[in-house]
Amino acid sequence: MSDSTLTNPLLRTLRQGGLAASLIVRLFDGPEIGRIAATAGLDALYVDLEHSCLSLQSASRICNAAREAGVTPLVRVPSIDAALIGRVLDGGALGIIAPQVESAADAARAVACCRHPPRGRRSYAGGQAALCYRDVPQAEAMAALDASVLTAVMIESRNALDAVEAIASVDGLDLLFIGAHDLAADLGLAGQWDHPALLRALARIRQACLDAGKALGLGGLAGQPALLRELAAPPQGCLVSTGTDLACLLGAATQRAAAAHALRDPAGASPSSSRTAARR
């Protein structure tokens with residue numbers, strides 16, 4: 001099918017060895033965030049159903065608005081559940097991120113949930129959002145949907161690290177997404193971003209992706225720019241998480257509030273210290 005609604009720009013970028021920037025959506029439940037992501041210059045977003053209370057209906061509306069604005073919408077599901085993954089994809093997502101993957105078998109199940117028979121186990125539904133709710137011949141629709149879906153898995157535990165080469169070799173898997181905070185915690189290295197063991201673990205995941213021809217996802221490292229730059233180096237495709245919608249809002253609001261308070265601060269005084277003195 002040639003219709004542009006069934007293309008996945010993120011897949012194309014990653015397969016060409018490019019870099020893409022993504023936003024995690026946990027707070028905002030309206031479709032506006034999809035348009036905002038496009039205006040901000042983001043390439044992708046993912047609705048985080050693992051760590052939020054957002055509904056499937058909200059996820060669908062966000063995904064459709066993002067896709068129409070040229071931003072590739074993904075959804076991180078809370079588990080590898082075929083029924084849930086099918087509903088997410090039917091609702092307009094162009095890919096899923098599967099958490100708690102600890103083996104090649106787990107990764108293969110995630111891939112199977114994203115594709116129709118005979119390649120997978122996804123149940124077919126006509127008139128989907130990605131098809132612009134049109135009646136498309138089933139064989140044609142299934143082929144187009146399968147070709148446009150991105151399947152990613154989280155690498156966020158010691159077990160996943162131990163099996164990362166086998167996971168990366170799974171056919172149909174597009175991207176391995178580092179969950180840096182959970183991985184560091186599981187290795188007993190929470191917050192120790194310069195620890196040699198953690199650096200070796202991150203390098204191992206990157207190399208596994210390179211060897212298998214898979215893209216690399218970088219999550220939880222927005223506050224570590226030097227490490228992020230090293231891991232995002234070419235030649236592999238790379239999806240960089242810029243953080244959550246809440247972090248973006250809070251960070252910008254904090255800066256603007258500080259700038260406003262600084263308008264009447266004494267020269268050389270920090271906004272916080274001058275406000276404290278005024279309250280005394």
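Residues numbered from 1 in each chain as written. Predicted model: local features only at pLDDT ≥ 70, side-chain atom pairs only at ≥ 80, totals over all residues. Heavy atoms only, no water.

Enquirer: Teacher, can you tell me more about helix α6 (residues 138-148) here?
Expert: Working note: α-helix, 3.6 residues per turn, so residues spaced by three or four point in the same direction. Every buried residue of α6 is listed here: A141, M142, A144, L145, D146 and S148. Packing partners of the buried residues in α6 comprise α1 (9-15) and β5 (150-155). (Buried < 20%, exposed > 50% of the residue type's maximum accessible area, 1.4 Å probe, protein only. Helix = DSSP H or I, 4+ residues; strand = E, 2+ residues; numbered from the N terminus. Contact = heavy atoms within 4.5 Å.)

Enquirer: Help me understand the layout of surface pockets, please; the structure alone is not making it clear to me.
Expert: With a probe scaled to a water molecule rolled over the atoms, the places where space remains empty come into view. Roughly 380 Å³ of volume is contained in the largest pocket. Residue lining of the largest pocket: 26 residues in total, with I24, R26, H181, G219 and G220 positioned closest to the centre. Listed by contribution, the elements that provide at least two residues to the lining of the largest pocket are β6 (175-179), α9 (180-186), β8 (238-244) and α12 (245-262). For the lining of the largest pocket, a count of residues per class yields 10 nonpolar, 11 polar and 5 charged. (1 Å grid on protein atoms, 1.4 Å probe; cavity = no way out; pocket = protein on both sides within 12 Å on 5 of 7 lines; lining within 4 Å. Points joined across faces, edges and corners; volume = space filled by probe spheres on them. Nonpolar A, V, L, I, M, F, W, Y, C, P; charged D, E, K, R; others polar.)

Enquirer: Teacher, can you tell me more about the nonpolar core here?
Expert: When a protein is soluble and globular, its nonpolar side chains tend to lie buried together. One finds L45, V47, V153, I167, L176 and L218 to be the most contacted residues of the largest nonpolar core, which totals 65 residues. Sorting elements by how many residues they give to this core places helix α10 (residues 196-212) first, with 6 residues. Non-local contacts of L176, meaning those with residues more than four positions away in its chain, are made with V153, I155, V164, I167, A168, C209, K214, A215, L216 and G217. Within the second largest apolar cluster, 16 residues are counted, among which are L14, A20, A44 and L175. (Core = buried A, V, L, I, M, F, W, Y, C linked by side-chain atoms within 4.5 Å.)

Enquirer: Looking at this model, I keep getting lost on empty space enclosed by the protein. Mind explaining?
Expert: Summed over all chains, the structure comprises 1 cavity of 30 Å³ or more. Taken as a whole, the largest cavity encloses approximately 60 Å³ of empty space. In terms of lining residues, the largest cavity is bounded by L89, A93, L94, R122, Q128, A130, L145, S148 and V149. Counted by class, the lining of the largest cavity contains 6 nonpolar, 2 polar and 1 charged residues.

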